[in-house]
Each structure stands twice: as structure tokens, then as C-alpha cells.
Amino acid sequence: QAARAPAAIAQAAKVPDGLESGVDFPIVCEVCLGPNPYLRMIKQPSSKECKVSGRVFTSFRWRPGAAARYKETVICPEVARAKGVCQCCLMDMEFNLPVGVRDALLKGAKDGETALPQSGVNQAYYYDQVARASREEVESGYGRMANEKLLKMARSSPYYDRNLPKLCSFWIKGQCSRVIEGSCPYRPCCGTFRFPELASNHPLLMQKLIADLERDGAVKVMKDKSEEMNDIKEKLKDSQKGNRDDNIRKRYHGNDELTAKYVNKAEQMDLEPPEDESITSLYVSLMGMPLTEKEIIDQFYAYGEIKSVQVLPMSNCAFVTYTTREGAETAIQKLHGNLTIRGVRLRVVWARPQAKRPGQGEGMGGIPAPPPLQAAPPPPP
């Protein structure tokens, strides 16, 4: 029995008492285990090759539910611990998001962060060090640098559609014979009419397909040769293209389409103006460059009257405050993703007010104002 964490965000499944993580029990998230706390796993010692590092590891195979497909671990525990991801779905264990999204939102938040090794010898040495280190040492950094945007994008409930049966390729081609016999275990032949492959880009076509399946059944819809149904099946077929091993490596390194979609969504969140219309300040990330106020004013003055510019070298950022809300909105629309100074692209977002702390006021762009100076005590007599 894998204990479930009661936190609001779906987290990693806790290892049962008496079992060692990565050896007797896989490093997996709650979504991959499914809603049933009791399940049977097949342990296969030294039976699989890691899709990322090529290391041989002990794999696990299980079925997370009666209506789900069989799942298995695809990367070794050392590779999973190195980035804090699930051995099965390669999602971040803390926020249940693609690991590339977490790394993109936390870029620059960790001091001394280095890229993973790429060559075979360096990879072998690096993962050997991860294997020797304790689990607490490796995973101590993840989840502690969460920012506001990352917490907003984190899933608050398990997304069990990730465990759905695979699509039946023969049904898409109109050639599945087992659907007539009722013995096909794949979608939609098995009676599961859910299609997350179409949910984001083609929601209307997904609703049309589900309505036809519920009304006519999988056999009749499979034989439907209408132009609209052929278009739906073609889009389902396109969603299954690509090499599985390459997709796993892209997901781990944050180069897949899903990561790009989430990152783009996060960038759009930066453009949303705060509800408080009194906020007219913009945050500028300096990327370690010692910029002057004049260099920043030269980039922002064209969009409205500037009230003040505050450069904070120690915080590696600057705050530009306009006299009007319209000027700030125009500036962020024009400069978000397009601000380049000295050949370096800088990030521009809305400044968020920081919650007041006891004994502190609120400063420019959410920077707390320093406490008032106290008079020095008189010298002893």
C-alpha cells in the first residue's frame, strides 16, 4: 500500500515501510499509481535499459486501475533523482508539471546550478555519484525554490487521463476486427470515450467524436467514412507520430511540445495586468549586467512618462514605474520578449506587490522598505 500525501498539490508517492526507494519500490508520482491504494507490481531485476542514460536498472510494471493500461518505469532511479522526476511519466514530482517547465520557471533561482553531462563517461560518473548519495541529499533542492507562477500552474488534483488505454491504431484505420468481438483493450474499442489528444487543440472535434461514439457505438463510428470523421481520425493519427525513445529523451531534457506549450502559457501570464490598477511598475531582470538608469530609461521612455527607475544590483533586477497605468501596459506589450540591451535579451514582467511583514513597509515593485534606523544606545557610564 502506497501512502497518499494529503497536500493540495499531487506529490510523489510515499515509499511503503520497509522498502527502499528505487530498489524495492519505484520513484513514481501518485498519478501513475492510480486512485486505488492497493495494487500489484511486477519487479524485473536488471531487465531494462534506461532511455536517457543507457544504464541497466530494475524495472517495475503495474496496472493503476481496471480501466487503465499497464505502465512501467522507463528511466533508471539515478536519472529520475537527478532531476526529481517520475520514473514512468517523467513529470516533476513536486508540482506534477513537465520538468522543462519547472526548470524554465526556476532558471537562475538556484546558485551554482549546472547542466547535466552529455558525454558517456561524464554521464556514468555523474549518475554513479547520484547513486551513492542518499535520497534526501539529491532531492533536497527541489520544491524549495517555488515561485508564485509555478504554484499557480501546479496541478491541484491528479490527472488520471494520463493512465488511459492507448489508442487503437487499427480502429483509426477502420480495420479493427476485435472491436466487433468486444475483445479489443484499446480506446475507443474498450468503451473508454476520452480523448485528451484532441482536448487542447480541437475541443469541438473531440465533442463531436464522443457524441457519435455514445450514440452509435465504436463499431459504427469506425466504419463511418464521412469527411468530418476522416478528419478527426487523421488528427488522432497525427498525435501518435514520433519515436517513443526520442520523445522520452525530449521530455526529460525539456525539449518536447508539451513543455513548449506550458512555457508559452507561463509567458502569457506575465502579460496579464494585476487587478490592482494602482500598480504601474514593471520588473526587469538584469541577467547579471551592470546597467545604468539611463540605459533603462532609453528603452522605456517612448511608451509613457516615467515616474522613477530603481536599479538593484544585489537583487539582479530593476523596477520601472510609470505615472499612468496606460503607459505601463503599453510598455509591457511592446517590450515583453523584445527588450535587448547590449545584445542581451532581458525579461520584463509586471511587478507584484510583496506581502507586508511585521515592522516593514512596502517598497517599489514589491521590494520591502528597510526598517527605520534605531538610535544607538548610550555608552556605559
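The preceding data block contains the structure.
Residues numbered from 1 in each chain as written. Predicted model: local features only at pLDDT ≥ 70, side-chain atom pairs only at ≥ 80, totals over all residues. Heavy atoms only, no water.

A. Spotlight on the packing of helix H10 (residues 203–216) against helix H12 (residues 227–239). The contact between H10 and H12 brings their axes to 11 Å, and the two run at 110°. The angle between H10 and H12 falls in the class roughly perpendicular. Considering only the axes of H10 and H12, their crossing is left-handed. Where H10 approaches H12, its residues Leu 205, Lys 208, Leu 209 and Asp 212 are matched on the opposing element by Glu 228, Met 229, Asp 231, Ile 232, Lys 235 and Leu 236. Tallied by class, the residues present in the contact of H10 with H12 amount to five nonpolar, no polar and five charged. (Axes fitted to C-alpha atoms, helices over the stretch in contact; angles between N-to-C directions. Helix = DSSP H or I, 4+ residues; strand = E, 2+ residues; numbered from the N terminus. Parallel < 35°, antiparallel > 145°, perpendicular 65-115°, else oblique. Left-handed = near helix turned anticlockwise from the far one by under 90°. Contact = heavy atoms within 4.5 Å. Nonpolar A, V, L, I, M, F, W, Y, C, P; charged D, E, K, R; others polar.)

B. Structural view of the sheet that holds strand E6 (residues 317–322). Strand order in the open sheet made by the four strands is E5-E6-E4-E9, with antiparallel pairing throughout. Pairing within the sheet leaves two strands with one partner each, and these edge strands are strand E5 (306–312) and strand E9 (348–350). Each neighbouring strand pair of the sheet contributes to a mean axis angle of 20°, computed without reference to strand direction. Alignment of E5 against E6, held across six bridges, turns out to be antiparallel. (Pairing = 2+ DSSP bridges.)

C. Summary view of the side chain of Thr 259. As for its position among the elements, Thr 259 is in helix H14 (residues 257–271). Taking the relative accessible area as the measure of exposure, Thr 259 reaches 3% and is therefore buried. Ignoring any residue separated from it by four or fewer positions in sequence, one finds Thr 259 in contact with Pro 98, Gly 100, Val 101 and Gly 254. (Buried < 20%, exposed > 50% of the residue type's maximum accessible area, 1.4 Å probe, protein only.)

D. Expanded view of the environment of Thr 192. Relative to the elements of secondary structure, Thr 192 occurs in the loop between helix H8 (178–181) and helix H9 (196–199). Placed 124 residues apart in sequence, Thr 192 and Ala 68 show a C-alpha to C-alpha distance of 9.6 Å. When near neighbours in sequence (up to four residues on either side) are disregarded, Thr 192 contacts Leu 164 and Arg 187.

As far as function goes, none of this settles anything; it's purely spatial.
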